[in-house]
Amino acid sequence: MAVAGSAVGLGNFLRFPGLAAQYGGGAFMLAYAISFLIIGLPIGWAEWAMGRYAGSKGYNSCPGAFAAILQKPWAKYIGIIGVIVPVVIYMYYVFIESWCLGYAVKFWTGQVHLTSAEETVAMFKTMSGQGGDGSSLAFSWDSALPWLMVVFVINFYLIYRGLSGGIEKMCNYGMPALIVLALVILGRVMTLGTPDASKPHDNVYNGLGYMWNPGKVQVVATAADSTIKPRDVVGAAAIAEAEKEVAASAGALKIQTISPWRQLANPALWLAAAGQIFFSLSVGFGVIIVYASYLKKQDDVVLSGLTASSANEFCEVALGGLITVPAAVTFLGLASVAGQGTFGLGFTVLPLVFAKMPFGAFFGGAFFFMLFLAAITSSISMLQPGIAFLEESLNVGRKVSVALLGLLTTFGTGLVVYFTEGLKALDTLDFWIGTLLIFVLATVQIIVFGWHWGIDRGFAELHQGASIRVPAIFRPIIKWICPGFLLLIFAMWLLKEIFGFDLTTFKAGEVSAYVTDLISAKPSLPAQLSVVMAAAIFVFFALITSRSRAYKRAEQGLNKHD
């Protein structure tokens, strides 16, 4: 349940719907499903097996696990990535978590009266402090600071209570409450019908079609230099109306059908789908390894991995996607849905939806409180790898480890909360830590499992205590397809984001803004400070790791407590 709580979070209800809308719905869903099968499940199972094996040796942290498995002096330093990733992501994730709590309270107390997109954008910018650096530090109920203080206290109280006393208990109550709230909202969304009779094509049915239809139908201009933008058309009635519009345009417009295969030829689509799998399932975070290390040798890691992944997929696809995308299409139309980005649908579009919905204040508050529950079950799980690392490497108790991690994350979150103009610090850390290092760790893990252990030994470890067996088809997937696919995706990611290579035209373009923010004639100070902070944390953790007696025992193949 703790791993399911870690996986189910803001990625399910904000990031996934935003990406599905941005990449046209059905084609993204195909790439997402394929990525789940060849990336999500294999890496998840590898992490469960490696974590339980390390736990049988007495090691509960990611550096300890890598040292015990590889038995090399450098292995523990690779494991530090599994501490850096969740701890640094927590530093900005908890900030987003505070927005959710603030929105929920504001809706339920009747403080939200929105009538236009400009008002929703203004509300979001005020809450997130985008008016300027330091503006989110104002102690106002309209800004994030008081809500951030509340969620920070809740997170560290729960992590102090421990895995069974705090994290597991929160997930045992929070996850069912989250699902119940989501089902209530989903039921309301599915019964919306066509709220505006003057816009018959803006309805739930067409919203579902936009999300699930792998092909696209667009009305486009015939002239290449036309200022008319392509417009998606969904539903038989809307297509018939579009055909009449084209016929009356005297050749200025035409209808084009984009096949799923043409969309799937876009490397950016696969980058987005694979990135969502990493973010959503918490693979490459170091979280699963830590939780699996507390399992007993006969505990079923195959079923545990499948259950946690299935719970996440249900919440992401059947709840997050079905709530957000159809509701936005119903009230705002297709043109206002596509291209909203990661947080656009959640914080700047859906408040308008709730404003137009009967009992909108209740459903708006319920939706954002649901996001808060999803976020907190994830954020407390992000702290556990850091706690396990400090306890194991320093040989200290929970009070000391919680205090140290509290000081560290307070400093890091403070940097994120101060540099909020354009959310520059948050965006920088999400790119370099929440994307780059996750790719690196996930790739290393599947290579260690499939090539260092080998498929036979890896599957033997997986199947120990298992009531179901991993299908044989996953042997070549884990050995060849998954690492090959990851390396290909990673290479495309580097070309696109780091070197500015246009993957659609195959021509050199501008270097990514994330690079120029760090190295250019006019670098960004918040971006540079964010990267320096992450690097300093890595060095700090490396110094602690180098002096750990526990990890020296792990390198020698010895049990921690022998």
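The paragraphs below set out a description of the structure included in this document. Every value quoted in this text rests on a predicted model; they were computed, and no experiment measured them. (Residues numbered from 1 in each chain as written. Predicted model: local features only at pLDDT ≥ 70, side-chain atom pairs only at ≥ 80, totals over all residues. Heavy atoms only, no water.)

Remarks on the overall build of the protein
Quick note on the threshold: Secondary structure elements are taken from DSSP: a helix is a run of H or I of four residues or more, a strand is a run of E of two residues or more, and numbering for both begins at the N terminus. The reference for a compact globule is 2.2 Å times residues^0.38; the radius of gyration itself is calculated from the C-alpha atoms. Any residue under 20% of the maximum accessible area for its type is buried, any over 50% is exposed, and the rest in between are partly exposed; the area is computed with a 1.4 Å probe on protein chains only. Residue contacts are defined here by distance: any two heavy atoms, one from each residue, within 4.5 Å place the two residues in contact. Accessibility throughout is a Shrake-Rupley quantity obtained with a 1.4 Å probe, and a residue counts as covered only by protein chains that appear here.
Helix and strand content of the protein: 22 helices and five strands. Here the C-alpha radius of gyration of the protein, 24 Å, is about what a compact globule of 562 residues would show, namely 24 Å. For the C-alpha atoms alone, the extent of the protein along its principal axes is close to 80 × 55 × 55 Å. By residue count, 59% of the 562 residues in the protein fall in the buried class. Of the contacts made within the protein by residues no fewer than 6 positions apart, 79% connect residues no fewer than 24 positions apart. Carbon and sulfur atoms form 65% of the exposed surface of the protein, whose accessible area is close to 21900 Å².

Points about the pattern of salt bridges
Heads up, the rule is: By definition here, a salt bridge exists when the distance from a side-chain nitrogen of Lys or Arg to a carboxyl oxygen of Asp or Glu is within 4 Å.
Under the definition given, this model contains ten salt bridges. Aspartate 142 serves as the salt-bridge partner of lysine 106, at 2.6 Å between the closest nitrogen and oxygen. Remark: aspartate 142 occurs in the loop between α7 (117–128) and α8 (145–190) and lysine 106 occurs in helix α6 (residues 81–108); sequence separation between them is 36 residues. For aspartate 142, a relative accessible area of 38% gives the class partly exposed. We note a salt bridge from glutamate 392 to lysine 560, for which the minimum N-O separation is 3.5 Å.

Some remarks on the side chain of arginine 188
Under the convention used in this document: Within this scheme the basic residues Lys and Arg register as positive and the acidic residues Asp and Glu register as negative, but His and the chain ends are omitted.
Along the chain, arginine 188 falls in helix α8. Buried charge without a partner: arginine 188 forms no salt bridge, and the closest opposite charge is aspartate 196, 14 Å away. Among residues more than four places away in sequence, those in contact with arginine 188 are Met357, Pro358 and Phe363.

Notes on helix α21 (residues 525–546)
Selection criterion: A helix is expected to span 1.5 Å for every residue after the first.
For α21, spanning 22 residues, the distance from its first C-alpha to its last is 31 Å, which sits close to the expected 32 Å at 1.5 Å a residue. For α21, the set of buried residues is Pro526, Ala527, Ser530, Met533, Ala534, Ile537, Phe541, Ala542, Ile544 and Thr545. Looking at the buried positions of α21, the neighbouring elements they touch are α5 (75–79), α6, α16 (360–394), α17 (398–418), α18 (424–463) and α22 (549–555).

Re the nonpolar core
Put simply, the test is: In plain words, nonpolar cores are sets of buried Ala, Val, Leu, Ile, Met, Phe, Trp, Tyr and Cys residues tied together by side-chain atoms within 4.5 Å.
Core analysis: the biggest nonpolar cluster contains 190 residues, and Phe13, Phe28 and Trp99 have the highest contact counts within it. In terms of residue count, the dominant contributor to this core is α6 (20 residues). Not counting residues up to four positions away in its chain, the partners in contact with tryptophan 99 are Phe124, Met127, Ser128, Ala144, Phe347, Leu423 and Leu426. By size, the runner-up hydrophobic cluster in this structure holds six residues, among which are Val219, Val233, Ala238 and Ala242.

Quick look at the packing of α6 against α18
Inclusion rule: A fitted line through C-alpha atoms serves as each axis, taken over the contacting stretch for helices, and the angle formed by two N-to-C directions is quoted from 0 to 180°. Should the near helix be turned anticlockwise from the far one by less than a right angle, the crossing is termed left-handed; should it be turned clockwise, right-handed.
Contact geometry for α6 and α18: axes closest at 10 Å, N-to-C directions at 145 degrees. Along this stretch, α6 crosses α18, giving a crossing that reads as left-handed. Residue-level contacts link Ile81, Gly82, Ile84, Val85, Val88, Ile89, Tyr92, Phe95, Ile96 and Trp99 of α6 to Leu426, Leu429, Asp430, Ile433, Gly434, Leu437, Ile438, Val440 and Leu441 of α18.

Section: the environment of lysine 216
Relative to the helices and strands, lysine 216 resides in strand β1 (residues 216–221). On a C-alpha basis, the gap between lysine 216 and alanine 242 in space is 13 Å, while along the polypeptide they are 26 residues apart. Dropping the residues within four chain positions of it, lysine 216 is found in contact with Gly24, Asp232, Gln256, Thr257, Ile258 and Gln263.

Looking at a nonpolar patch on the surface
Where we set the bar: Any residue with relative accessible area above 30% and no salt bridge may belong to a patch, with like charges joined within 9 Å and the nonpolar Val, Leu, Ile, Met, Phe, Trp and Tyr side chains within 5 Å.
Among the surface-exposed residues, Trp108, Val180, Val184, Phe359 and Phe362 lie close enough to one another that they form a single nonpolar patch of about 550 Å² accessible area. Looking at the secondary structure, you find valine 184 in helix α8.

Any functional reading would require information beyond the geometric quantities listed.
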